[in-house]
Amino acid sequence: MSPPKSLSRFSPWLLFSLVLFATVFTSAMSEVSSREAAKKRYMSRKVRKMFYHAYNNYITYAFPHDELKPLTKTYTDSLSELGNLKLEHLPQNYNGSALTLIESLSSLVVMGDHKEFEKAVLWLSDNLTFDVDARISLFECNIRVLGGLVSAHILASDSTNRLPHGVYNNQLLRLAEDLGRRFLSAFNTPTGLPFAWINLKYGVMENETTETSTSGCGSLILEMGALSRLTGEPKYEMAALRALRKLWSMRSSLDLLGTTLDVISGEWIEYSSGIGAGVDSFYEYLMKAYILFGGEEFWDMFHTAYVAVQKYFRHGPWYHEADMRTGKATYWQLTSLQAFWPGLQVLLGDVAAANSSHREFFYVWEKFGVLPERYLLDREMLHPTEKYYPLRPELAESTLYLYQATRDPWYFEVGKAIVDSLELYNKVEGGYASIKDVTTMEMEDHQHSFFLAETCKYLFLLFNDSFLAGQNYIFTTEGHPLPVKSSWHDRLPESHYLNSWTSTEHGDDRKHTSAMSMQVCPITTPGGYGNRQVESACHVHDTREDHRCKTDEDCGVDSMTCRKRTCSIAGYCGLWLYFR
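Residue indices begin from 1 for each chain and proceed along its sequence in written order. Local features are withheld for residues below a pLDDT of 70 in this predicted model, meaning they are given only at 70 or higher, and side-chain atom pairs are given and counted only at 80 or more; totals for whole chains, interfaces and linings count all residues. Water and hydrogen atoms were dropped before computing side-chain values, which therefore reflect all heavy atoms in the structure.

A. Spatial organisation of the packing of aromatic side chains. Classification of ring pairs uses Phe, Tyr and Trp, with its six-membered ring standing for Trp, and accepts pairs whose centres are within 6.5 Å; under 30 degrees between planes counts as stacked, over 60 as edge-to-face, and the remaining range as tilted. For the coordinates displayed, the defined rule picks out 23 aromatic pairs. Ring geometry for F362 against W410: centres 5.7 Å apart, planes inclined by 90°, an arrangement best described as edge-to-face. Of this pair, F362 sits in helix α12 (residues 351–368) while W410 sits in helix α14 (residues 409–426), placing them 48 residues apart in sequence. According to the relative accessible area criterion, F362 is buried, its value standing at 6%. Taken together, the ring pairs in this structure connect F282, Y283, Y290, W299, F302, Y306, Y319, F340 and W341 into an aromatic cluster. Strands are runs of DSSP state E lasting at least two residues, helices are runs of H or I lasting at least four, and both sets are numbered from the N terminus onward. Accessibility here uses a 1.4 Å probe with only protein chains present; expressed as a share of the type maximum, an area under 20% marks a residue as buried, one over 50% as exposed, and anything in between as partly exposed.

B. Just the packing of helix α3 (residues 114–127) against helix α5 (residues 171–183), in detail. Lines fitted to C-alpha atoms define the axes here, with helix axes fitted over just the stretch in contact, and angles between the N-to-C directions of these axes take values from 0 to 180 degrees. At their nearest, the axes of α3 and α5 sit 9 Å apart, and the two run at 50° to each other. When the axes of α3 and α5 are compared, the pair comes out oblique. Remark: the crossing between α3 and α5 carries left-handed chirality. Contacts between α3 and α5 involve V121, L122, L124 and S125 from the first element and Q171, L172 and L175 from the second. Charged means Asp, Glu, Lys or Arg here, nonpolar means Ala, Val, Leu, Ile, Met, Phe, Trp, Tyr, Cys or Pro, and polar covers whatever is left, Gly included. A per-class count over the contact of α3 with α5 returns five nonpolar, two polar and no charged. To sort the angles, those under 35 degrees are grouped as roughly parallel, those over 145 as roughly antiparallel, those from 65 to 115 as roughly perpendicular, and the leftovers as oblique. Rotating anticlockwise by less than a right angle from the far helix to the near helix defines a left-handed crossing, while the corresponding clockwise rotation defines a right-handed one. Any two residues whose heavy atoms approach within 4.5 Å at even a single point are treated as in contact.

C. Region of the structure containing the sheet that holds strand β7 (residues 268–270). Here, any two strands with at least 2 DSSP bridges between them count as paired. The strand order β5-β6-β7 describes an open sheet built from three strands, whose pairing is antiparallel. Looking at the sheet topology across the chains shown, the edges are occupied by β5 (211–213) and β7. Looking at each pair of strands side by side, their axes are set apart by 35° on average, direction ignored. With two bridges joining them, strand β6 (residues 260–262) and β7 adopt antiparallel strand pairing.

D. The UniProt feature "binding site: Ca(2+)" (unreviewed entry) in the chain, seen in detail. UniProt positions are given in the numbering used here, feature names are shortened, and annotations may be inferred rather than shown by experiment. Taking the numbering used here, the UniProt-annotated feature "binding site: Ca(2+)" (unreviewed entry) corresponds to T477. Inspection of the secondary structure assignment puts T477 in the loop between β19 (473–475) and β20 (481–483). Classification of T477 as buried rests on a relative accessible area of 15%. Engagement of the side chain of T477 in a polar contact is seen with the side chain of E284, the distance being 2.9 Å. Whenever two N or O atoms come within 3.5 Å, that pair is a polar contact, provided that in protein one can donate a hydrogen and the other can accept it, and provided that, for residues adjacent in sequence, both atoms are side-chain atoms.

E. Main features of helix α8 (residues 235–249). The span one expects for a helix is its residue count, reduced by one, times 1.5 Å. Here α8 is 15 residues long and its end C-alpha atoms lie 21 Å apart, about the 21 Å a rise of 1.5 Å per residue gives. Among the residues of α8, Y236, E237, A239, A240, L241, A243, L244, L247 and W248 are the ones counted as buried.

F. Region of the structure containing the pattern of salt bridges. A pair is scored as a salt bridge if a Lys or Arg side-chain nitrogen falls within 4 Å of a carboxyl oxygen belonging to Asp or Glu. This structure, assessed with the given rule, holds 22 salt bridges. Measuring nitrogen to oxygen at the nearest pair gives 2.8 Å for the salt bridge that ties R135 to E208. With R135 in strand β3 (residues 135–137) and E208 in the loop between β4 (197–199) and β5, the pair connects residues that are 73 residues apart, well separated along the chain. Considered together, R135 and E208 belong to a single accessibility category, that of buried residues. A salt bridge links D465 to R407; the nearest nitrogen and oxygen atoms lie 3.1 Å apart. Of the two residues, D465 is situated in the loop between α15 (450–463) and β19 and R407 in the loop between α13 (394–406) and α14; the sequence distance between them amounts to 58 residues. Here R407 falls in the partly exposed class, since its relative accessible area comes to 41%. Sharing partners across several salt bridges, the network here consists of E67, E140, R144 and E478.

Written as C-alpha cells, this is what we have:
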C-alpha cells in the first residue's frame, strides 16, 4: 500500500531536515565538548604550575624543614607548632621532618610525576627519623605524616609500576609503623581516649594536659586502621577504635557531642558543638570508615550523628553551633572548615543539600576573594571575626565532589574562580602566602603543607581526573588517597555479608566483593563494571512498581546504598530515614 501523496511528497524534505538538524546538533555538541576539554586542559596546566611554584620554592628555601615561609624565603619547623596556639614546650634541637615533602607525595603521583615521587621516596627512606625530642599534636601528626606515609606506600607498591623495579621495598611502610608505635603511648589512659600531645622520642610527658578535642579522639581510624591492614598488626586499629567507641558512648541524649573533653575523667569540658573546628573530621571519618572498612557500626554511628546534626545545627543552608545537652543554638559563628560538609553529603547521596550549602560558601568566597576563617551571619550580613585565610582546601574539596557527582559545569567555573583568586591574592615570588586579613588582603608569611596535599590536589582533579579512572579511592581529611579494597572488609560481621556483598564475574573468574568497595549496588549495572557484569545481592524491589506503599513492609532495599527503604507519610517508598 503506497503512502498518501501529501506524506510521500513531504517525507524526503522532513527526513533531510531531521538529518540536517541531527548533523548540526551533533557538530555543535562536539564543538562544545571540544571547547570544554580545551578549558580543562588549560586549567589543569594552570593548577600544575601552581603546585610546582609552591613545591619548588619549598625545596629551594625550606627543605628538609617542615614548611615554607614564602615572603622571606625561609622555613619554619612547624610540626611541633601545629595546634599549639600558645606555642608551649617547643623543642630546642628539632630541625624539621620534611613535613611538606611528605604531604606532597600523593599529589606528585596524582599529577603523574613519578620521577620526583621516586626522588622523594628515596630521600625519606634514607633520612627521615622520628627519634626526635619533639612534642607534637597526635591529630595533626596522624593526618599529615602517618596518613601521608601510608598513602604513599600504597601508591609506591601498587601494580602500576610507578617506581622502577627494585627501588621500593616498603621503606615508607616501615617509617609509618615506627610512627604508629610511638602513637600508642598516647592511648594509655583509663578511658582509652588518647592524649592530644606526645613527645616522639619519650612518649607522653609528665604533667601533660589532659584536654583534647572530639576530632583529636575520633579522627584516627582511617590512618591507623589502614596501618593495621597493611602490617597485619591489629593494635593500631584497635587503639583508634576503642577511643572512637568511648567517644561515641559520651554523646548526649540528643546524639550530639561537645567539642573538648578530658581524656582521664572522660568528662566534657566544652558542651557547645557544631560541624566546624574541633569536631569536623569526626563526622567525616565515621562515613569514610564505613566505606573503607565496612561494618554496620560505623554506619550506625554516622547515620545517628548526621540526623542529629541536621536537626539541631542546620539553619537553612548554614550550620550554627548548639549545646549538646539541649540542642539550643549557642554561637552563630560560621567557619571556613565547615565547607567540607557538602563534600561529605555527596558521599551520603544528599546532593541537593550539598549544593545548597556549597553555593552559600562560594558566595562568601566571592564577597571576600577567599574564605575568612570565622564569620558571623547577621541578617544576611557577613562579619568576619577571624579574618585570616591559611590557604584552606575545604571549598575546593566539596567543589570536586559535587562536580564528580553531577558533572554540572557550574562547579568547573567555581574551581576556576578559586584558582584565579589564589593567583591574584596569594601568589608571591617565593610561593603562596596565607592571608592575614581578608578585608585588606594583608599577607602572612606561611605556606601550609596542606596547600600542596589538598588545595592543589583537589583543584587539579577537578580539571583532570585521570588519576581516578578505573580506581576507587577515599581521601583522608588531609587529602591522602586510600584505596577501597574488598580485602580490607574481611572482618565484617555476618549480617553485613548478607546485606551488602556483590558477586562479580569475568569469564570463569567469580569472586565476592563488598558493594560499598566498588560503590555499585544496583541489581545490574549496564555494560558491567570493568567489562564485568555486576549483580547486587542487596537490592530488593518495592512491592509496587509505582513505589506506593501503606507500611514499611511494602518497601524494599535501595539499590544504590543497600539501605532499607521506608514508607513516607504521603505513601511513597524512599530513604526517608535520612530526614526524620
